[in-house]
Amino acid sequence: MNTSASIPASPLLEIRHLRKAFGARAVLGDVSFQVQPGAVLSVLGRSGTGKSVLLKCVVGLLQHDGGEVLFRGQSLENPAARKALRQASSYVFQQNALFDSATVFENVLMPLRARGEGERALWPQRVRDVLQRLELEDATDRYPAELSGGMQKRLAVARALVTEPELVFFDEPTAGLDPLRRNAVFSLIARLQRERRFTAVLVTHDVQEALVVSSHVLWLDAGTVQFDGMASSFATAQEPALREFRDNIEALRESLRSVANPNSI
Amino acid sequence: MSEYLGKLTLQGVSSLGRWAVFSARALREVRSGQALGTRLVRAVFEQGVRCVPVIAVVAAFTGMVLGLQGHYVLSRFGATGMLGTLVSLSLCRELGPVLAALMIAGQAGTALSAELGIQRSTEQIDAIELMDVSPEGFLVGARLLGAFFVFPVLTAFFVLVGVAGGWLSGCVLMPQDSNGYWGAVHEAIRSRDIRECLLKAAVFGFLTTALCAYQGFYAHRSGEAGARAVGLATVRGIVLSSIAILAADYLITAVLL
């Protein structure tokens, strides 16, 4: 089942036949897809289907066993292309990966300092601007451990966006957050993506929210691509496996609502 | 049995190679991520300044014990006038570099392993790598450079405090002549002894810092995860550093004697 949308000539990111196994356990088997400039691609799937592994293989944190990743048409086997990807992209980690010995301000300053990007004298203002946009301006001197879960997530997003990247990878950006904070994070991503026009690859479990913010969806199951197409097509696709996936999630939501409100049973 | 030994040897050689590449990369890419000056100052503070109290205490007691034992042994041969020679040469040529390095490894080395181990398990090292910064250069390089400075300085400090400790126990608490003691110290120490002392300290500094950093940096490869991996990395760091210090001490002494 593959309902690929029409594919323009030059994708920003292209994954060809990617394979990854841990020992005898194959996690990714022949995964291929493309990400167009300006698109928001959500990678969906059950736990353990290799979504985060896929993201880490793409950015080079994990070495894949086979296949190829191309950025602007250049294979990442080429060190110059790998450098170009790292200069042009940011990554929001599932557990935030904030620098715990550094303040909020220093955390956001770090990518600018690391890349030596732009005029040095303007760095503090750029940091303050992004912190203000993410409503963290009152927490600049605090340490990550002193922030709430939602604030930590906003800080991770601030750190990822301060360099104004062309491409942002979000690895389970709402993991461990309550529903209200989850919605807030998705709203934030959607708002910032509209404002800054970055391309986003978003790994998540939250199907409904992902469909709202995404233009494209990639559905992985058992390490293979089961759906690659427009988000609108994913929501209405009638293939049995896909319907089962959506129905399972809806059933889970219903049961959770019942637990939250016993009178509704 | 021979198969097991062969596998162990291959693992050892492979680890040694990875450690050498890690250390070389840390030094080569030390400028990665900028702010080298700040990182150097921090490294000198953490490895050096913070270790001063423990170095001073250990050096003072080491010198005092040497003074006592020296006085006792030398008095058997009627050679108590050699106490200054015995204390100063023992400290300068052997005990100073070795004990100072072991103390710094115990304090700064374990802290380094644990810090890097936690940064690894919380994906902070991955985050640095994805900022197109060399994590080896950024997190370890400045500490290696700092070690080349800190270890010799703290070792010299150890020797000075130790010699003063020997004077305290030998000449203040025991009936030894102070002028004779300091005169013997002055006569005994040659520039060659000081060079050997500082060379040993610099080598121990590199070995200790690189080994502890390597263990913390690759804590996730130990087969354990999370807090256990950090604990294991810290233990491995200090054990391997201690062995490396003593082995290198023997080799340097054998070559230079």
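What counts and how
Residues numbered from 1 in each chain as written. Chains lettered and ligands numbered in written order. Predicted model: local features only at pLDDT ≥ 70, side-chain atom pairs only at ≥ 80, totals over all residues. Helix = DSSP H or I, 4+ residues; strand = E, 2+ residues; numbered from the N terminus. Buried ≥ 20, exposed ≤ 12 C-beta atoms within 10 Å, placed from the backbone. Contact = placed C-beta atoms within 7 Å. Pairing = 2+ DSSP bridges. Axes fitted to C-alpha atoms, helices over the stretch in contact; angles between N-to-C directions. Nonpolar A, V, L, I, M, F, W, Y, C, P; charged D, E, K, R; others polar. Parallel < 35°, antiparallel > 145°, perpendicular 65-115°, else oblique. Left-handed = near helix turned anticlockwise from the far one by under 90°. Expected span 1.5 Å × (residues − 1). Core = buried A, V, L, I, M, F, W, Y, C linked by C-beta atoms within 7 Å. pLDDT = per-residue confidence, 0-100.

Caption draft 1: Main features of the overall build of chain B. Looking only at helices and strands, chain B has 9 helices and 0 strands in total. Shown N-terminal to C-terminal, the secondary structure of chain B runs as helices and strands in the order α-α-α-α-α-α-α-α-α. If you line up chain B on its principal axes, its C-alpha atoms span 65 × 50 × 30 Å. Residues classed as buried in chain B amount to 47% of the 257 residues present. Counting only contacts in chain B whose residues sit at least 6 apart along the sequence, the fraction spanning at least 24 positions is 87%.

Caption draft 2: The overall build of chain A, seen in detail. Summing up its helical and strand segments, chain A has 9 helices and 10 strands in all. Here chain A holds 265 residues, and the buried ones make up 41% of them. The contacts of chain A with a sequence gap of at least 6 include a subset with a gap of at least 24, amounting to 66%.

Caption draft 3: Looking closely at the sheet that holds strand β2 (residues 25–35) of chain A. Residue and element names in this part refer to chain A. The strand order β2-β1-β4-β5 describes an open sheet built from 4 strands, whose pairing is antiparallel. For this open sheet the edge positions go to β2 and β5 (74–75), each flanked by a neighbour on one side alone. Taken together, the 7 bridges between strand β1 (residues 13–22) and β2 define a ladder with antiparallel strand orientation. Bridge assignment links Phe-22 to a residue of β2, and that residue is Arg-25. Helix α1 (residues 51–59) rests against β1, β2 and β4 (66–71) of the sheet, and its axis sits at about 65° to β2.

Caption draft 4: Focus on the sheet that holds strand β10 (residues 224–230) of chain A. Residue and element names in this part refer to chain A. The strand order β6-β7-β8-β3-β9-β10 describes an open sheet built from 6 strands, whose pairing is mixed. Here the strands that pair on one side only, and so sit at the sheet edges, are β6 (89–92) and β10. On average, adjacent strands in this sheet sit at an angle of 15° to one another, irrespective of strand direction. The sheet contact formed by strand β7 (residues 167–171) and strand β8 (residues 199–203) spans 5 bridges and is parallel.

Caption draft 5: Region of the structure containing the pairing of β4 of chain A. Residues and elements named next belong to chain A. Of the strand pairs in this sheet, β1 and β4 are connected by 5 bridges, and their pairing is antiparallel. Across the sheet, residue Glu-14 finds its bridge partner in β4, namely Leu-70. Two elements, β4 and β5, share 2 bridges in a ladder whose sense is antiparallel. Bridging from a neighbouring strand, Leu-70 pairs with Ser-75 of β5. In sequence, β4 turns back onto β5 through a hairpin of 2 residues, with Arg-72 there showing a positive phi of about 50°.

Caption draft 6: How the structure looks around the interface of chain A and chain B. Between chain A and chain B, the contact holds 16 residues from the first and 12 residues from the second. When residues of the side of chain A that touches chain B are traced back to their parent elements, those giving at least two are α2 (79–88) and α3 (104–115) of chain A. It is α3 of chain A that provides the largest number of residues to the side of chain A that touches chain B, a total of 5 residues. In terms of residue class, the side of chain A that touches chain B is made up of 9 nonpolar, 3 polar and 4 charged.

Caption draft 7: Focus on the packing of helix α1 (residues 2–28) of chain B against helix α6 (residues 135–172) of chain B. Residue and element names in this part refer to chain B. Across the interface, α1 lies against α6 with an axial gap of 7 Å and an inter-helix angle of 85°. When the axis of α1 is compared with that of α6, the two are roughly perpendicular. Contacts between α1 and α6 involve Phe-22, Ser-23, Arg-25, Ala-26 and Leu-27 from the first element and Glu-136, Gly-137, Val-140, Gly-141 and Leu-144 from the second. Of the residues in the contact of α1 with α6, the class split is 5 nonpolar, 3 polar and 2 charged.

Caption draft 8: Expanded view of the pairing of strand β9 (residues 216–221) of chain A. Residues and elements named next belong to chain A. Within β9, 5 of the 6 residues are buried, leaving the element largely enclosed by the surrounding structure. Taken together, the 4 bridges between strand β3 (residues 40–44) and β9 define a ladder with parallel strand orientation. Counterpart to Leu-44 in the pairing with β9 is Trp-219. As paired elements, β9 and β10 share 6 bridges and run antiparallel to each other. When the sheet's bridge partners are listed, His-216 is paired in β10 with Met-230. Count of turn residues in the β9/β10 antiparallel hairpin: 2 residues, of which Ala-222 carries a positive phi of about 50°.

Caption draft 9: Summary view of the environment of Gly-29 of chain A. Residue and element names in this part refer to chain A. Along the chain, Gly-29 turns up in strand β2. A C-alpha to C-alpha distance of 34 Å links Gly-29 and Arg-196, two positions 167 residues apart in sequence. Those residues in contact with Gly-29, other than ones at most four positions away along the chain, are Arg-19, Gly-223 and Thr-224.

Caption draft 10: Main features of the packing of α6 of chain B against helix α7 (residues 178–188) of chain B. Residue and element names in this part refer to chain B. Where α6 contacts α7, the axes come no closer than 10 Å and their chain directions differ by 150°. As judged from the angle between their axes, α6 and α7 are roughly antiparallel. Our pair here, α6 against α7, has a crossing hand that is right-handed. Residues Val-163, Trp-167, Gly-170 and Cys-171 of α6 lie in contact with α7, whose contacting residues are Ser-178, Tyr-181 and Val-185. Of the residues assigned to the contact of α6 with α7, the class counts are 5 nonpolar, 2 polar and no charged.

Caption draft 11: Focus on helix α9 (residues 226–256) of chain B. Look at α9 of chain B: 44 Å from first C-alpha to last across 31 residues, which is about the 45 Å you get at 1.5 Å a residue. Buried within α9 of chain B we find Ala-229, Val-230, Ala-233, Thr-234, Gly-237, Ile-238, Leu-240, Ser-241 and Ile-245 of chain B.

Caption draft 12: Representation of the nonpolar core. By size, the foremost hydrophobic cluster in this structure holds 132 residues, and its most contacted members are Val-43, Leu-54, Val-92, Ala-158, Leu-202 and Leu-218 of chain A together with Ala-101 of chain B. By residue number, the principal contributor to this core is α6 of chain B, which donates 16 residues. Setting aside chain neighbours within four positions, we find Leu-218 of chain A in contact with Phe-33, Leu-41, Val-43, Val-225, Phe-227 and Asp-228 of chain A. If you look at the next biggest cluster of nonpolar residues, it comprises 5 residues, including Ile-118, Ala-229, Val-230 and Ala-233 of chain B.

Caption draft 13: Quick peek at the confidence of the model for chain A. With 89% of its residues at a pLDDT of 70 or more, chain A has an overall mean of 83. Counting contacts from residues 1–5 of chain A, a segment whose pLDDT is below 50, to residues more than four positions away or on other chains yields 12 contacts.

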